[in-house]
Amino acid sequence: LADGTPATGAGINAEVYLSDVHPAQPPPQATESAGGTYKVSPIRFDASGDWTVRFHFFEDCDDAPADSPHGHAAFFVHVP
């Protein structure tokens, strides 16, 4: 979170895909353990290319308020 505390109860949703028609199978599931530590699995990269891995945090929260915890983090994973 912006104040440096762990994002507990974030209800993380992972979105993993190679293209619009090639998502990761099965869809990865996130579980939270104590202290805002999350495990996302399984993630299977079944083809070469640049995969997008995007995490959605606090998806049920409204985006409108300036202090909304709703957010995203994304990165690419290159699979040779």
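Values in this document were obtained by computation on a predicted structure and should not be read as measured data.

Engineer: Lay out the packing of aromatic side chains in plain terms, naming residues and giving numbers.
Structural biologist: Under the counting rule described, the total for this entry stands at two aromatic pairs. Ring geometry for Phe45 and Trp51: centres 5.2 Å apart, planes at 75°, overall edge-to-face. Residues Phe55 and Phe75 carry aromatic rings whose centres are separated by 6.1 Å and whose planes lie at 40° to one another, so their mutual orientation is tilted. Note that Phe55 is positioned in strand β5 (residues 49-57) and Phe75 in strand β6 (residues 71-79), a separation of 20 residues in sequence.

Engineer: Lay out the environment of Ala73 in plain terms, naming residues and giving numbers.
Structural biologist: Relative to the elements of secondary structure, Ala73 occurs in strand β6. Residue classification places Ala73 among the partly exposed positions, given a relative accessible area of 32%. In this structure the C-alpha to C-alpha distance between Ala73 and Ala14, which are 59 residues apart in sequence, comes to 9.8 Å. Residues within four places of Ala73 in sequence aside, it is in contact with Val53, Arg54, Phe55 and Phe57.

The rules we used
- Residues numbered from 1 in each chain as written.
- Predicted model: local features only at pLDDT ≥ 70, side-chain atom pairs only at ≥ 80, totals over all residues.
- Heavy atoms only, no water.
- Phe/Tyr/Trp six-rings, centres within 6.5 Å; stacked < 30°, edge-to-face > 60°.
- Helix = DSSP H or I, 4+ residues; strand = E, 2+ residues; numbered from the N terminus.
- Buried < 20%, exposed > 50% of the residue type's maximum accessible area, 1.4 Å probe, protein only.
- Contact = heavy atoms within 4.5 Å.

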